[in-house]
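Chain residues, written in single-letter form:
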Amino acid sequence: MGHVPVLLNEVVEGLAPQDGDVIVDGTLGGCGYTRAILKAADCQVIGIDRDETAIDRANASDDYDGRLTPVLGCFGDMGTLLPAAGYEAVDGITLDLGVSSFQLDEAERGFSFMRDGPLDMRMGGDGPSAADVVNTMPEKALADIIFRLGEEKQSRRIAKSISARRLKAPFTTTLDLASHIEDAMGGRRGARTHPATRPFQAIRMFVNDELGELARALDACEALMRPGGRLAIVTFHSLEDRMVKQFLKERAGQMGGGSRYLPAPEAGRAPSFNLVQRKAIEPGEAETHANPRARSAKLRLAVRTDAPAWGEPVDTGLNLPGLDSVEVSS
């Protein structure tokens, strides 16, 4: 299945691109949002992606009339990437979080337990791989990752089994790990989803520091957007959506105290965002039928006010070990 942008019309409508605007597509991927944004107005798009293949696809295309600037890097670093590309402020930002269909469908990337491939899962090409995490992390730390990022109740059972098995032979392929997790959990037993779904998600999110990237990106969005700038973020995971929701409610002045992710606001601080609507926008039945990967998607929209950025860092609130603690194999 090729990459199908989720909630495409709703994202473009939320961004409301105008001629002359500068808009950031922080998760360029297959250029689905970018193509629609450029079609909607005579604007410029800066497309950021940590995956070199996504940048190569964009550079190889002649569909964008010079109005797309692909930038290699993490969207959490847009606060430095955009000024380096010549942009100090922008009129809109969109993020489509999680893993792309391109990455899931390429077995050699190691994201999917449905296709055998090397146990990698890195969206970029550097840092620890999933194999490094699975084979070297202490059992307790591995259990915490699976529990907190995958919200898997049997995390300790899975981590204990992985820890025992890797003493005999390291995990090197996706199907090896998926099969072992399935056995550790006692098989599928009629479950609709594969037992490895949540553990694989957790390991992928940890390998790519996905919540850390989101936290840094939210800070950068607030600092980079001009008054009236539009923010559109599509999430696929409850932890991501909760972080985005609480950040926007906090910055819109709609939370009375601190949260798991944000400190208590100073009294009387002017809101830096206005919410377009309180509830997230979800795909309709027709879209989820045509694209099952859209089922868990949620879109949140906000508009930047003219108030100064609060400048308070967003914390993931998970207290997990950092990637620098992972032993990288040679």
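Look above for the structure.
Residues numbered from 1 in each chain as written. Predicted model: local features only at pLDDT ≥ 70, side-chain atom pairs only at ≥ 80, totals over all residues. Heavy atoms only, no water.

*Asks:* If you had to explain the side chain of E210 to someone new, which residues and values would you point to?
*Replies:* Looking at the element boundaries, E210 is found in helix 11 (residues 210-224). Ignoring any residue separated from it by four or fewer positions in sequence, one finds E210 in contact with G98, M123, R204, M205 and E240. (Helix = DSSP H or I, 4+ residues; strand = E, 2+ residues; numbered from the N terminus. Contact = heavy atoms within 4.5 Å.)

*Asks:* I'd love a proper account of the nonpolar core, names of residues and values included.
*Replies:* The biggest cluster of nonpolar side chains holds 63 residues, and the ones touching the most others in it are I48, M78, L82, I93, L149 and L177. Considering every element that reaches this core, the biggest residue donor is helix 11, with eight residues. Apart from residues lying up to four places away in sequence, I93 is in contact with L15, V24, M78, C221, M225, R230, L231 and A232. In terms of nonpolar packing, the next biggest core, distinct from the first, is built from 26 residues, A294, A297, L299 and L301 among them. (Core = buried A, V, L, I, M, F, W, Y, C linked by side-chain atoms within 4.5 Å. Buried < 20%, exposed > 50% of the residue type's maximum accessible area, 1.4 Å probe, protein only.)

*Asks:* Quick one: what's the story with unusual backbone geometry, residue by residue and with numbers?
*Replies:* Residues other than glycine seldom take positive phi values, yet L7 does so here, at roughly 50°. For L7, a relative accessible area of 0% translates into the label buried. A positive phi is found at D65, a non-glycine position, where the angle reads about 50°. The residue D65 is located in the loop between helix 3 (52-60) and strand 3 (68-72) in this model. The class of D65 is exposed, set by a relative accessible area of 64%.

*Asks:* Break down the environment of N135 for me, citing the residues and quoting the values.
*Replies:* Relative to the assigned elements, N135 resides in helix 6 (residues 130-136). Relative accessible area serves as the criterion here: at 21%, N135 is assigned to the partly exposed category. Remark: the alpha-carbon pair of N135 and S163, spanning 28 residues in sequence, is separated by 7.6 Å. If we ignore the near neighbours within four places in the chain, the residues touching N135 are R166, P170 and F171.

*Asks:* So what's going on with the pairing of strand 1 (residues 22-25)? Residues and values would help.
*Replies:* The alternating pattern of strand 1 places V22 and V24 on one face and I23 and D25 on the opposite face, and all of these are buried. Sheet topology places strand 1 next to strand 2 (residues 44-49); four bridges connect them, and they run parallel. Across the sheet, residue D25 finds its bridge partner in strand 2, namely G47. Following the backbone out of strand 1, through helix 2 (residues 32-40) and into the adjacent parallel strand 2, one traces a crossover that is right-handed. Pairing of strand 1 with strand 4 (residues 90-96), which is carried by three bridges, proceeds in the parallel orientation. The residue bridging V24 from the neighbouring strand is I93, located in strand 4. (Pairing = 2+ DSSP bridges. Right-handed = clockwise from strand over helix to strand, strands pointing away.)

All quantities given are derived from atomic positions and should not be read as evidence of function.
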